[in-house]
Amino acid sequence: MGEKKKKIVKTIKVDVDKCNGCRACEVICSAFHAAPKYSSNNPARSRIRVIHEPLKDIYIPVYAGEYTKAECTGRDKYVIDGKEYDECAFCRASCPSRDLFKEPDSGLPLKCDMCEDDPPQKEPLCVQWCLNKALIYEEREVEVDEEEEVKKEDMEIGLEALLDKYGLDKITETVARLSMSKKG
Amino acid sequence: MRYAETGFNLEIDLSKGSIDRVETDPRLTEEHLGGLGTNARILWDRVPAEAEPFSAENLLIFGTGLLCGTPATGANRTVVSTFSPQTRLMAYSMMGGFWAPELKYAGYDKVILRGKSPDLVYIWINNDKVEIRDASHLKGKGAVETAQLIREELKEPKAQVASIGLAGESKVYFASIEQGRSSASRAGLGAVMGDKGVKAIAVRGTKDLKLARPAEFMALCNEVLKYIERRNENPIQGVMPILAGLGSPQEMAVHDEKWHTENFAWGNARLRRKDFWNDEIAKKWAETLDSMRTRLISCYNCPMKCGGTITVPGLPTYMMKCFSKLTYTMAAMSDLDFGLKIAQRATEYGVDGFSAPQVMAFAVELYEAGILTDQDMPGFPADNEERFYWLLDRIVRREGIGDILANGTHWAAQQIGKGAEAYAHNNIKKHEQLPLKLGMLNPIYFLMYATGEKINITQIEGQFPQSPFPTREEREAFVKDWIQVPDEKFKQYFLDWELRGEKSIPFYPTVEATCDIVDWQERMHYIDDALGVCAGLSSFPLKPPYHIHNYPKFISAGAGIEMDEDRLTQVARRNRNLVRALNVRRGMRRKDEKPPEDHWKKRFPELEEKLLNEYYKFRGWNKDGIPTKESLHELGLDFVGEDFIKRGILPDKESAPSS
Ligand code: SF4
Ligand code: SF4
């Protein structure tokens, strides 16, 4: 076991009671992460999604988390204050069981980066755009092991997903072919 | 490259069952922007002036505003346009909610329906895949229920659905198109949808919408958001609470209904109940609202909360907004509990929350006056509330007396005869209005009401206060940060406006100033309706975040169309004149520009004539309210002038403009 060390983690407190279902968080997230920056927007690419069923009064803003190649077994239901939620409604995973947190065209996984992307924002933009204060940014101090986990780049996460889908051989083959045609 | 818009419309011919994705002409966007503007242009170009509202030739257009789907706050309006079975003029009604942005993300600016489907169908737009699907299993289903069933059947919980209920299927002249928390309700749009055999349009889109100059556009969006935040924290002083904030009237949030219940008329828009509101009623109604309203909700990309989710114990949940909270209650002389209960059924049936209660109250009055009898209405209940359910059920099925009432008070009165006409007293241009009855004529309000093409009293409020502030100090404080005025002269008009004396209504603002003020208010409405921005953030409330000074920048940076205040003003005038021209071509004239006789207690016929004369002149219209050839030419609408001459609506040799 390595040494313990103090570290600031960025968190968002989600107050679902304050959410009015406007999806401004999805708008600004997808615009910020467009390439070039803000050149387009498309909630389907957002890394925060509001899971909502208005007639059941269910509104849950959820952040995109880890990519996972296999779906979990969780199909349970939670009843909170008389409202029935699917377990999945609270899950951050970009997983094969649903189309949430995947690029709509390529299917590549999406992950919230707390708007640390270039230029880094002082607060995640969804928080800034949520005037109803359903999203509250909080920095918390936690103890972590000395060795920092290596942060994966967007591309690496994407590649991993492609690997899972097509296998290594197919990918190397395609990359080789593409680089040939690009050069040619 | 097209920005802010997609550059494609979806053309669906229901008779043939054909679906085409058609590229649009970017010049039309420059001339009319989008939404109402381009909708009107399409109606002008493609629907013959003689076309019957219920005919294959009539179009039903679902148009998104130019800024819908961009990050601009509150840009979420779908403008639904057609020719109305009730007014027989152009009908357009806006719905907020989530449908317009979804359509943009699917890759289309408009859905244009023509022809008629022999069987009931619904349309499923899933990005590039568009299908006309059988809807026979949805026949007779409620509008909200239909949306839910379609989402389940498509296994697409994220689809946005606009649907009609039984009223639309039965072609009730005041049938609405419902879309979750929003609806396009006025002038029978739902009836035309029913006539076309379309139960619903479901949309899902996952494509990008591009901006021309992103950094600039985002800076503007952020300014608007900051302004809204500040404005929400600082309501306007000196006006009643409902006018102090932004958004649509916050009916779902407020408990205090003293003003509405005592100033609006009850029953068939007749009875003012001056001492209605008391502690006991306040307590009871607050309990009703608190026990049934679960959450305050917004439209797409908007921080306001103008809608509410309503769950009446034992009934399916529905969503509500604005003043429909009280229309049923007051028409039936009942209480809020009844109002929220019957509104559930009315929302599923899909009827307009203004016209429907009025039509029912009209029927009750006719019955009490002996004009309608037990023979006309066999089985009509004795209990007051039961009567409203009874009428509603028959209207949406066009059953018995319901078949006549389904045409609205104007046409029903004509069919019934026996003096029933006098009971259809709260209409303008054959369309039922909010039951507002006032004392002294306000010249600004008079002009907007008389000449408004929307034919809808509820949408005429604007950025100029509805009444003067009592003291000069208060007025000075108000104008200090009034950045929205297009010109400093408006501040002066307001500063000089007094509660009593020479400079008070009806003779102040002067006729000239009134024309200026009306021009400003209308301009903002026409811009909002072309851009698809909610009036609740622009033309409707005092000191809104969007105004004539920042709108041109939004258009330039968003759509890449070079725009400044003058050019934008020109576009708004062009659209305003084109909508007028559509109505003129269908026979609307000065004689029709008459607010209900009893709308104000004190009327001033001479002043009213003068206001109309001067306003028409100001607009470049002749004495009959018809745009002249010259003024049409200035707006690049020569084709309208030529058509008018061909039809003999304007003389061949243009006479001097009216004087
Ligand atoms: S911006 Fe806030 S209020 Fe709006 S949907 Fe997102 S979390 Fe809810
Ligand atoms: S102000 Fe109200 S009605 Fe307008 S877009 Fe926002 S929530 Fe909808």
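Here the structure is a predicted model, which is why all the values come from computation and not from measurement. (Residues numbered from 1 in each chain as written. Chains lettered and ligands numbered in written order. Predicted model: local features only at pLDDT ≥ 70, side-chain atom pairs only at ≥ 80, totals over all residues. Heavy atoms only, no water.)

## Considering the overall build of chain A
Now for step 1: The secondary structure content of chain A amounts to 4 helices and 7 strands.
Now for step 2: Each helix and strand of chain A, ordered N terminal to C terminal, gives the series β-α-β-β-β-β-β-α-β-α-α.
Now for step 3: Projected onto its principal axes, the C-alpha positions of chain A cover 60 × 45 × 40 Å.
Now for step 4: A buried classification covers 40% of the 184 residues belonging to chain A.
Now for step 5: Contacts in chain A between residues at least 24 apart in sequence constitute 65% of all its contacts with a sequence separation of at least 6.
Now for step 6: Each charge sign in chain A was given a centre, from 31 positive and 37 negative side chains, and these centres are 4 Å apart. (Helix = DSSP H or I, 4+ residues; strand = E, 2+ residues; numbered from the N terminus. Buried < 20%, exposed > 50% of the residue type's maximum accessible area, 1.4 Å probe, protein only. Contact = heavy atoms within 4.5 Å. Lys, Arg positive; Asp, Glu negative; His and termini not counted. Charge placed at Lys NZ, Arg CZ, Asp CG, Glu CD.)

## Quick word on the domain arrangement of chain B
Residues and elements named next belong to chain B.
Now for step 1: Domain assignment breaks chain B into domain 1 (8-204), domain 2 (235-432) and domain 3 (441-647).
Now for step 2: Put simply, the middle of domain 2 and the middle of domain 3, counted by C-alpha atoms, are 29 Å apart.
Now for step 3: Facing 19 residues of domain 2, the contacting portion of domain 3 comprises 24 residues.
Now for step 4: Both sides together, the interface formed by domain 2 and domain 3 hides about 1600 Å², and carbon and sulfur atoms give 68% of it.
Now for step 5: Seen at the junction of domain 2 and domain 3, the total is 1 salt bridge.
Now for step 6: Put simply, K429 and E593 hold a salt bridge, and the shortest N to O gap is 2.8 Å.
Now for step 7: Applying the counting criterion to the domain 2 and domain 3 interface returns 4 residue pairs in polar contact (both at pLDDT 80 or more).
Now for step 8: Classifying every residue of the side of domain 2 that touches domain 3 by side-chain character gives 9 nonpolar, 9 polar and 1 charged. (Domains from an automatic or database assignment. Buried area = accessible area lost by both parts, 1.4 Å probe. Salt bridge = Lys/Arg side-chain N within 4 Å of Asp/Glu carboxyl O. Polar contact = N/O pair within 3.5 Å; in protein donor to acceptor, adjacent residues only side chain to side chain. Nonpolar A, V, L, I, M, F, W, Y, C, P; charged D, E, K, R; others polar.)

## Brief notes about the site of ligand 2
Now for step 1: The local shell around ligand 2 consists of N76, R77, G247, S248, S298, C299, C302, M304, C306 and C534 of chain B.
Now for step 2: The class makeup of the residues in the shell around ligand 2 is 5 nonpolar, 4 polar and 1 charged. (Near = heavy atom within 4 Å.)

## Section: the interface of chain A and chain B
Now for step 1: The interface is formed by 33 residues belonging to chain A together with 40 residues belonging to chain B.
Now for step 2: Between chain A and chain B the total buried area reaches about 2900 Å² when both faces are included, carbon and sulfur atoms providing 52% of it.
Now for step 3: Counting across the chain A and chain B interface gives 4 salt bridges.
Now for step 4: Run the count over chain A and chain B and you get 19 residue pairs in polar contact (both at pLDDT 80 or more).
Now for step 5: Counting only elements with at least two residues in the side of chain A that touches chain B, the list comes to α1 (24-32) and β2 (40-41) of chain A.
Now for step 6: Top element by residues in the side of chain A that touches chain B is α1 of chain A. It accounts for 4 residues.
Now for step 7: Residue composition of the side of chain A that touches chain B, by class: 17 nonpolar, 7 polar and 9 charged.
Now for step 8: Bridge count between β2 of chain A and strand β13 (residues 209-210) of chain B: 2 bridges; the pairing is antiparallel. (Pairing = 2+ DSSP bridges.)

## Some remarks on the environment of K83 of chain A
Now for step 1: Note on placement: K83 of chain A falls in strand β6 (residues 83-86).
Now for step 2: Taking the C-alpha atoms as reference, K83 of chain A lies 22 Å from T73 of chain A; in sequence the two are 10 residues apart.
Now for step 3: Not counting residues up to four positions away in its chain, the partners in contact with K83 of chain A are K56, D57, I58 and Y78 of chain A together with R295 of chain B.
Now for step 4: In terms of polar contacts, K83 of chain A uses its side chain to reach the backbone carbonyl oxygen of D57 of chain A, at 3.1 Å.

## A short note on the sheet that holds strand β15 (residues 307-310) of chain B
Residues and elements named next belong to chain B.
Now for step 1: Reading across the sheet, the 3 strands line up as β14-β15-β16 and stay open at both edges, with antiparallel pairing between neighbours. Each of the sheet's edge strands pairs with one partner strand only, and the pair in question is β14 (293-297) and β16 (318-321). Ignoring strand direction, the axes of neighbouring strands in this sheet form an average angle of 30°.
Now for step 2: The pairing of β15 with β16 spans 4 bridges and is antiparallel. Bridging from a neighbouring strand, G307 pairs with K321 of β16. (Axes fitted to C-alpha atoms, helices over the stretch in contact; angles between N-to-C directions.)

## Describing the sheet that holds strand β3 (residues 60-64) of chain B
Residues and elements named next belong to chain B.
Now for step 1: Strand order in this open sheet of 6 strands is β2-β1-β6-β3-β4-β5, and the pairing throughout is mixed. The sheet is open, and its two edges are formed by β2 (18-23) and β5 (90-95), each paired on a single side. On average, each strand axis in the sheet is tilted by 15° relative to the strand beside it, whichever way the strands run.
Now for step 2: Across the face of the sheet, helix α3 (residues 99-106) comes into contact with β3, β4 (78-83) and β6 (110-114) while running at roughly 85° to β3.

## Considering the domain arrangement of chain A
All names here are of chain A.
Now for step 1: Entries for chain A in the domain assignment read domain 1 (4-151) and domain 2 (152-184).
Now for step 2: Residue-level contacts link 9 residues of domain 1 with 10 residues of domain 2.
Now for step 3: Both faces combined, the contact of domain 1 with domain 2 buries some 720 Å², and carbon together with sulfur accounts for 59% of it.
Now for step 4: One salt bridge connects K69 with D164, and the closest N-O pair in it is separated by 3.8 Å.
Now for step 5: Joining domain 1 to domain 2, the criterion identifies 1 residue pair in polar contact (both at pLDDT 80 or more).

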